[in-house]
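# Understanding the architecture of this molecule
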Amino acid sequence: MSTISIIIPHYNGYDILNNCLRSLYKSKLYNAEIIIVNNNSTDNSIDKNQSEFPEIIILNLDHNKGYAGGCNYGATHANGEFLVFLNNDTEVSVDWLTELMKTINNDTNISSVQPKILNKKNETEFDYAGASGGFIDKYCYPFARGRIFNTIEKDLGQYNDSIKVFWASGTGFITRKSLFKDIGGFDEQLFAHMEEIDYHWKCQLKGYSVYINPTSTIYHLGGETLSYNSPYKTYLNHRNSLLLLLSNYNMSNSIKFLFPRLFMELTSTVKDLLSLRFLHSLAQLRAIGWIIIHPQIISNRRAVIKKIRKISDEELLGNTIFSKSIVYQYFINNKKEYSSL
């Protein structure tokens, strides 16, 4: 078994981290090292858990670097050939790591593998963050097998096949340390949300594949660090999605897809306004404003993508990138389940 490093970014909450660690030590770990990146927690959750699990490695940061920064910091201190990024509010099944390793070892061209992610509060349902493998449409709206927007399916075994996906969820996935380092890790400009989508887009542009292995299962509590109803979460999701659209495509596709996307952004903003979700409406306008005043960041990211790219947009469009609009399919055609697309 190859060496493995499990990296868990953490910010506050003794119980959620403790439950995660307890489940890890009940699973088959194959001597994997467990690295907790303390994002400047303000409680005693790190000290209490370290006293119970003295073998864990604690890396302390002097400020909260978010998911992206925390994971990157952990990766620089990891000794494993493979990195597993895992949220602190997850619990794992006994064979979760065995199954992930089986898939990634099948082919050196596989960059990452995601487990099936079920909701900890209702284990018969897929989890919002990743479900059974993630995709995006051409306008950079993410969705997953088992979750499209706020519609979450029950797990009836309908997505138990191991297939290529576009992104593996940051809730939990395994990847190759050498590739992660080569790509430059997660873009810390994103801070949180969609950094794993950006990473896996880059992996595919380098010619690698991303897979889901649903025989590996983890359970996710979700919304413990940043609530699903948080306007800041809305801001990050919309800003980061627009940033990816404007930097990860070639220039002609970025321009072609931008204007329909902006129309959908403004429609969503008005919808939130009419629904009296004023802060969420403002968050979407802030996201657009941030994009407008940060052209240099977009330019810098485009330069990175240019160095990485070995695969054309056209090879991904219609393959792992959904060639239709998931917004249109969901809201107009009323296709609420992945299997109906």
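A brief structural summary. (Residues numbered from 1 in each chain as written. Predicted model: local features only at pLDDT ≥ 70, side-chain atom pairs only at ≥ 80, totals over all residues. Heavy atoms only, no water.)

### Topic: the overall build of the protein
- Tallying secondary structure elements over the protein gives twelve helices and 14 strands in all.
- The C-alpha extent of the protein, read off along each of the three principal axes, is 55 × 40 × 40 Å.
- Of all 341 residues assigned to the protein, the portion counted as buried reaches 56%.
- By sequence separation, contacts in the protein at least 24 residues apart represent 77% of the contacts at least 6 residues apart.
- Of the roughly 14,500 Å² of accessible surface on the protein, a fraction of 53% belongs to carbon and sulfur atoms.
- Charge-centre separation for the protein: the mean point of 35 positive side chains lies 6 Å from the mean point of 33 negative side chains. (Helix = DSSP H or I, 4+ residues; strand = E, 2+ residues; numbered from the N terminus. Buried < 20%, exposed > 50% of the residue type's maximum accessible area, 1.4 Å probe, protein only. Contact = heavy atoms within 4.5 Å. Areas by Shrake-Rupley, 256 points an atom, 1.4 Å probe, with all protein chains shown as cover. Lys, Arg positive; Asp, Glu negative; His and termini not counted. Charge placed at Lys NZ, Arg CZ, Asp CG, Glu CD.)

### Some remarks on the pattern of salt bridges
- By the definition in use, this model includes 15 salt bridges.
- Between Asp187 and Arg301 there is a salt bridge; the shortest N-O distance is 2.5 Å. Of this pair, Asp187 sits in the loop between helix H5 (177-183) and helix H6 (195-205) while Arg301 sits in helix H10 (residues 295-308), and the two are 114 residues apart along the sequence. Both residues of the pair, Asp187 and Arg301, belong to the buried class. (Salt bridge = Lys/Arg side-chain N within 4 Å of Asp/Glu carboxyl O.)

### Considerations on the nonpolar core
- Counting residues in hydrophobic clusters, the biggest one holds 66 residues, and the most contacted among them are Phe85, Phe186 and Trp201.
- Of all the elements, helix H7 (residues 231-248) adds the most residues to this core, at seven residues.
- Excluding its chain neighbours within four sequence positions, the residues that come into contact with Trp201 are Ile136, Cys140, Phe166, Leu244, Asn248, Tyr249, Leu316 and Ile321.
- Among the nonpolar cores identified, the runner-up in size contains 29 residues, and Leu17, Ala32, Leu97 and Ile117 belong to it. (Core = buried A, V, L, I, M, F, W, Y, C linked by side-chain atoms within 4.5 Å.)

### Side note on the packing of H7 against helix H8 (residues 251-274)
- Contact geometry for H7 and H8: axes closest at 9 Å, N-to-C directions at 165°. Judged by the angle between their axes, H7 and H8 are roughly antiparallel. Here H7 and H8 pass one another in a crossing that is left-handed. Side by side, H7 and H8 meet where His238, Ser241, Leu242, Leu245, Leu246 and Ser247 of the first sit next to Ser254, Phe257, Leu258, Arg261, Glu265 and Ser268 of the second.
- Across the contact of H7 with H8, the residue classes tally to five nonpolar, five polar and two charged. (Axes fitted to C-alpha atoms, helices over the stretch in contact; angles between N-to-C directions. Parallel < 35°, antiparallel > 145°, perpendicular 65-115°, else oblique. Left-handed = near helix turned anticlockwise from the far one by under 90°. Nonpolar A, V, L, I, M, F, W, Y, C, P; charged D, E, K, R; others polar.)

### Side note on the pairing of strand E2 (residues 33-38)
- Of all six residues in E2, six are buried; the element is thus mostly enclosed.
- With burial as the criterion, each face of E2 is covered, one bearing Glu33, Ile35 and Val37 and the other bearing Ile34, Ile36 and Asn38.
- When strand E1 (residues 4-10) meets E2, the two strands line up parallel, connected through six bridges. Note that in E2 the partner of Ile6 across the bridge is Ile34.
- The parallel pair E1 and E2 is bridged by helix H1 (residues 14-26), and the resulting crossover is right-handed. (Pairing = 2+ DSSP bridges. Right-handed = clockwise from strand over helix to strand, strands pointing away.)

### Examining the packing of aromatic side chains
- One pass over the structure, following the stated rule, counts 25 aromatic pairs.
- A centroid spacing of 6.4 Å and a plane angle of 85° characterise the contact between Phe173 and Phe186, whose relative ring orientation is edge-to-face. Here the residue Phe173 occupies a position in strand E12 (residues 172-176), and Phe186 occupies one in the loop between H5 and H6, the gap between them amounting to 13 residues. Accessibility assignment for this pair places Phe173 and Phe186 in one class, buried.
- Each ring, one from Tyr249 and one from Phe257, has its centre 5.0 Å from the other, and the planes form 55°; the classification is tilted. No difference in accessibility class separates Tyr249 from Phe257, as the two residues are buried. (Phe/Tyr/Trp six-rings, centres within 6.5 Å; stacked < 30°, edge-to-face > 60°.)

### Thoughts on a nonpolar patch on the surface
- Where nonpolar side chains cluster on the molecular surface, the patch consists of Leu266, Leu279, Leu282 and Leu285 and spans about 380 Å² of accessible area.
- No other element matches the three residues that helix H9 (residues 278-292) contributes to the nonpolar patch.
- Structurally, Leu266 is set in helix H8. (Patch = residues over 30% accessible without salt bridge, like charges linked within 9 Å, V, L, I, M, F, W, Y side chains within 5 Å.)

### A closer look at the environment of Leu86
- As for its position among the elements, Leu86 is in strand E4 (residues 82-86).
- Taking the C-alpha atoms as reference, Leu86 lies 9.2 Å from Cys71; in sequence the two are 15 residues apart.

### Points about the pairing of strand E3 (residues 57-60)
- Bridge count between E2 and E3: four bridges; the pairing is parallel. Counterpart to Val37 in the pairing with E3 is Leu59.
- In this fold, the crossover linking E2 to E3 by way of helix H2 (residues 45-52) has right-handed handedness.

### Quick notes on H9
- With 15 residues, H9 ought to run about 21 Å at 1.5 Å a step, and its terminal C-alpha atoms sit 21 Å apart, in line with that.
- Buried within H9 are the following residues: His280, Ser281, Ala283, Gln284, Ala287, Ile288, Trp290 and Ile291. (Expected span 1.5 Å × (residues − 1).)

### Things to note about the side chain of Asp137
- Relative to the elements of secondary structure, Asp137 occurs in strand E7 (residues 134-137).
- Despite its burial, Asp137 pairs with no opposite charge, the nearest such side chain being Arg261 at 6.2 Å.
- At a separation of 3.0 Å, a polar atom in the side chain of Asp137 contacts the main-chain amide nitrogen of Tyr139. (Polar contact = N/O pair within 3.5 Å; in protein donor to acceptor, adjacent residues only side chain to side chain.)

### Considering the environment of Ile308
- Residue position: Ile308 is located in helix H10.
- According to the relative accessible area criterion, Ile308 is buried, its value standing at 8%.
- Spatially, the C-alpha atoms of Ile308 and Phe173 are 22 Å apart, while their sequence positions differ by 135 residues.
- Ignoring any residue separated from it by four or fewer positions in sequence, one finds Ile308 in contact with Ile183, Lys202, Leu205 and Lys206.

Interpretation in functional terms is not warranted from these geometric data alone.
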